[in-house]
Amino acid sequence: MISLDSKVPAGPLADKWDNHRFSIKLVNPANKRKYDIIVVGTGLAGASAAASLAELGYNVKVFTFHDSPRRAHSIAAQGGINAAKNYRNDGDSIHRLFYDTVKGGDYRSREANVYRLSQVSVEIIDQCAAQGVPFAREYGGLLANRSFGGAQVSRTFYARGQTGQQLLLGAYQALAAQIATGKVTLYNRSDVLDIVTKDGEACGVVVRDMLTGQVSAHSGHAVVLASGGYGNVYYLSTNAMNSNVTAAWRAHRRGAAFANPCYTQIHPTCIPASDEFQSKLTLMSESLRNDGRIWVPRDLDETRPAGGIPEAERYYYLEDKYPAFGNLVPRDVASRNAKTVVDEGHGVGALKNGVYLDLSDTLANEGVETVRERYGNLFDMYERITGEDPYRVPMRIYPAVHYGMGGLWVDYNLMTNVPGLYAIGEANFSDHGANRLGASALMQGLADGYFVLPYTIGDYLAPRLGTKPVPTDDPVFTNGITEVDDRTRHWLAVKGTRSADHYHRELGKILWDYCGMTRDKAGLERALSEIPAIRDEFRKDVKVLGTADGLNQSLENVNRVDDFMELAELAARDALHREESCGAHFRVESQTEEGEALRDDENFSYVAAWEWKGPDIPQELNKEPLTFENIKLSQRSYK
Amino acid sequence: MSNNLNLKLRIWRQDGPDAPGAFLDIEADDISRDASFLEMLDTVNERLLGDDIEPVNFPHDCREGICGTCGVVINGQAHGPEKATATCQLHMRKFRDGDEITIEPWRARSFPVIKDLVVDRSPLDRIIEAGGYITAPTGSAPDANDIPVPKDVAEASMDAAACIGCGACVAACPNSAAQLFTAAKLAHLNVLPQGQPERWKRTEAMVETMEEYFGTCTNHGECHEACPKEISLDFIAFMNRDYIKAKIKNRSLASQAR
Ligand SMILES: Cc1cc2nc3c(=O)[nH]c(=O)nc-3n(C[C@H](O)[C@H](O)[C@H](O)COP(=O)(O)OP(=O)(O)OC[C@H]3O[C@@H](n4cnc5c(N)ncnc54)[C@H](O)[C@@H]3O)c2cc1C
Ligand code: FES
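Residues numbered from 1 in each chain as written. Chains lettered and ligands numbered in written order. Predicted model: local features only at pLDDT ≥ 70, side-chain atom pairs only at ≥ 80, totals over all residues. Heavy atoms only, no water.

Draft legend 1. Just the overall build of chain B, in detail. The number of helices and strands found in chain B is eight helices and seven strands. Projected onto the principal axes, the alpha-carbon positions of chain B cover approximately 70 × 40 × 35 Å. The proportion of buried residues among the 258 residues of chain B is 60%. Partitioning the contacts of chain B with sequence separation of at least 6, the portion at a separation of at least 24 is 70%. For chain B, the computed accessible surface area is about 10400 Å², with 49% contributed by carbon and sulfur atoms. Taken together, the 27 basic and 39 acidic charged side chains of chain B have centroids lying 7 Å from each other. (Helix = DSSP H or I, 4+ residues; strand = E, 2+ residues; numbered from the N terminus. Buried < 20%, exposed > 50% of the residue type's maximum accessible area, 1.4 Å probe, protein only. Contact = heavy atoms within 4.5 Å. Areas by Shrake-Rupley, 256 points an atom, 1.4 Å probe, with all protein chains shown as cover. Lys, Arg positive; Asp, Glu negative; His and termini not counted. Charge placed at Lys NZ, Arg CZ, Asp CG, Glu CD.)

Draft legend 2. View of the domain arrangement of chain B. Residues and elements named next belong to chain B. What the domain assignment lists for chain B is domain 1 (4–115) and domain 2 (121–257). The C-alpha centroid of domain 2 is placed 31 Å from the C-alpha centroid of domain 1. Carbon and sulfur atoms supply 55% of the area that domain 1 and domain 2 bury against each other, a total of about 1500 Å² over both sides. Run the count over domain 1 and domain 2 and you get two salt bridges. There are five residue pairs in polar contact (both at pLDDT 80 or more) connecting domain 1 and domain 2. Here the side of domain 1 that touches domain 2 is built from residues that sort into nine nonpolar, six polar and three charged. (Domains from an automatic or database assignment. Buried area = accessible area lost by both parts, 1.4 Å probe. Salt bridge = Lys/Arg side-chain N within 4 Å of Asp/Glu carboxyl O. Polar contact = N/O pair within 3.5 Å; in protein donor to acceptor, adjacent residues only side chain to side chain. Nonpolar A, V, L, I, M, F, W, Y, C, P; charged D, E, K, R; others polar.)

Draft legend 3. Inspection of the environment of G215(B) at higher detail. Residues and elements named next belong to chain B. Within the fold, G215 resides in the loop between helix 6 (199–213) and helix 7 (222–226). Its relative accessible area of 13% is what places G215 among the buried residues. Linking G215 and Q179, residues 36 residues apart in sequence, is a C-alpha distance of 9.0 Å. If we skip the residues at most four places from it in the chain, G215 touches R109, N175, S176, A177 and Q179.

Draft legend 4. Spotlight on the interface of chain A and chain B. Taken residue by residue, the interface counts 77 residues in chain A and 75 residues in chain B. For the chain A and chain B pair, buried surface summed over both sides reaches about 6100 Å², with 49% attributable to carbon and sulfur atoms. Here chain A and chain B share six salt bridges between them. For the salt bridge of D159(B) with R160(A), the shortest nitrogen-to-oxygen distance reads 2.9 Å. Along the contact surface separating chain A from chain B lie 51 residue pairs in polar contact (both at pLDDT 80 or more). Elements represented by at least two residues in the side of chain A that touches chain B include exactly helix 2 (44–56), helix 4 (111–131), helix 5 (163–181), helix 11 (368–386), helix 12 (441–461), helix 14 (500–514) and helix 16 (553–577) of chain A. Per-element tally for the side of chain A that touches chain B: the top contributor is helix 5 of chain A, with nine residues. Here the side of chain A that touches chain B is composed, by residue class, of 31 nonpolar, 28 polar and 18 charged.

Draft legend 5. Up close: the site of ligand 1. Residue and element names in this part refer to chain A. With respect to spatial proximity, 37 residues lie near ligand 1, and among them T64, S74, G79, E426 and L442 are the closest. In the model, an oxygen atom of ligand 1 is placed 3.1 Å from a nitrogen or oxygen of the L44 main chain. At a separation of 2.5 Å, an oxygen atom of ligand 1 approaches a polar side-chain atom of S74. Considering ligand 1 on its own, with 1000 Å² of exposed area, one finds that the protein chains cover 98% of that surface. Breaking the shell around ligand 1 down by element, the ones donating at least two residues are helix 2, strand 6 (190–198), strand 15 (395–404) and helix 12. The leading source of residues in the shell around ligand 1 is strand 6, at three residues. Per-class residue counts for the shell around ligand 1 are 16 nonpolar, 18 polar and three charged. (Near = heavy atom within 4 Å.)

What follows is the structure in structure tokens.
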């Protein structure tokens, strides 16, 4: 058993963060330069943290497998970032954003963390605007907002359809300024392959230089993982191709608890797969649901093009079932309903694997130009990918794996249960409960990196003043290097018959079928028997060519797939044990008479934090109970 | 399926920066028209692996045209034949059955080949480090609405900020110049009210760092043609004007400080 002390400060919700900042230890400005901090990742979370820590005076080493920090997966976020600014005067407030986030997460997140997130959301927008992020503006020059992902208020800030890009460039530029001053040392094209601990505390990382193949150790007073999400465990997802779980998973194997891996967000508006060689799925921003109507033909044998199907023969299933929210129901509800109608045989497209997202009313009422201004980029992208013109025929969409709410367990300070090891951004499990609201991941990544970690890390570091980082010739590091070298040699020596991608695809299919939009006991048990089998076969039969002493993308990939194999099993185990439906996790056995998700607060109101017990031994479940003092729990209803 | 494409590929292979490199000729049969260009390469790589040939290393990540990682020269054109489209967004339906396709890495003096189709573009980061930012230490910002930005200014800034940093502009330029990349970042920041305090210092530092690493612009405009985000050449004119002003301003600021 590990200790899961959430360290949530006492006191009224609204004062907790303030009190906490006052009560935690500070590192004196002149002493900050005596500390070395390792940051893994340069996405929104990592870049903002590294830049902010360096501004404070810490020495920062930042690692990314990308060629440039600016390429992190955060760059792809389209829709926007939430903040409780209430610039629209439409009734938003810190408390409302807090409430919406906890409710949206189906009451499986920590109140105190979410409240803090809502509080600092306001500062994020100030910070980004000051950096020159070109947010959308009103004619008077003030910031524009939109309503996003079904929110009842307009609190989403955006930069065209490229919000993630612009926020990341802001953070990257702040980081670049610190790199220029020498306070940050950048290690690009560097793959972090292990996390190193000594006497139970994090002390560094083992890194493979992807250009030379050289494996080396780096030590610091603390290690911050900002390595992003693990959606690619499903093979097909909206994540960038190289997004992976390795850094977080290796931390897990070194003792960090992994929380709630069954909570995977499946995004309703993605372009359906076109064939079996599909390498990834592309998101069409959810903002399209503001202006589009979702439907399928009522007739299962429908062959007419969309435009030729009369109104009466169209099934607007979301509008029918959820009159209050209609097409703007939360992501999990929209996704599950799309799956239902496609499984029933209503699907559209050559493979009958999609539903229509139809903007023809908006096109007719507001004109092509308005639509082009709003969604031009998305429409162009859709046309490039599918070869169909969305101005003339409705788009086809289908759900795809998008975001992992689970991740490394962290306390209120964003520290894992391994002292000195922090996890921020999508890599942790902290704020989204069982389901994330649209435009809240960017907010959380930047909250963690700009405004939370830079304070909380001082509490850990202050008492360590005067200590030196563990020298890299210590056995913990040399052994770590040897293990990574051995692993590499192993892959090159297998000389099997199939690529890592082949096995990854097989793994993804199992997870998607049994641990996807709906789960049941029998299916999850099946997954739990099939995953170890495929993992064994993969380890014996994978084929990796080339050498270890230079760029070798197949070698990079095989390590990642190997870690996904282990994560997949844990995700299925987590899903099996959680016999309730909540948020993105829908257990067939736990539904209302109307077929909606049925939570079981009495038995499952906790964070499931899994503890590594060794290879081939099932992880042990640890529970962090969730208590709600400020919000009354209710079943979500969008009818 | 008969609707699929049979292609003749010539793919550049090179073991390392100093290795000689040569084309590998492959018949790529039965390629789906719905595949993206990079999915076509995935398929080719699977087949190479089956034949015990090391797969071709190529740069990619988001496959959505936004991260700027991908980029190869396709039949002599950076990012290939489709306008305003990054390599990852190019789809095979743009090709015809029987086509011969030559695939090369970015060819530019400042972008040495690392392996196969992967090059080193880090000089672009050096330009940003020289001044491509607005100094705003975390925590010090005023309320976002304290600094109004006229809508057209925000739009112009965003037009420039859309650059994905792929380096196609450099690869397409006969002189391997990085004017479009540098100008895009300068325009993004220099038109904004927040960007004014550091405007002249930024401009001089970025332009001079650019000149250290890259060739000279002789107004061919190939950069714009290759740009997947259609970044406007007007930004280069803007940069040139700002650079001249910066030289004067920075000199007079320096003499004032004396
Ligand atoms: C298509 C798409 C659209 C989205 N749109 C929105 C949106 O509109 N609003 C919203 O709020 N959220 C959105 N999201 C979610 C959001 O973009 C992500 O959750 C968020 O950006 C994650 O940021 P991050 O900093 O945690 O990780 P990332 O941006 O994924 O960064 C991870 C970093 O870690 C590095 N790294 C990882 N492992 C290693 C390793 N082993 N060694 C070295 N380096 C490593 C990588 O190089 C990278 O720099 C979207 C997601 C997708 C996929
Ligand atoms: S792979 Fe990201 S732009 Fe092409």
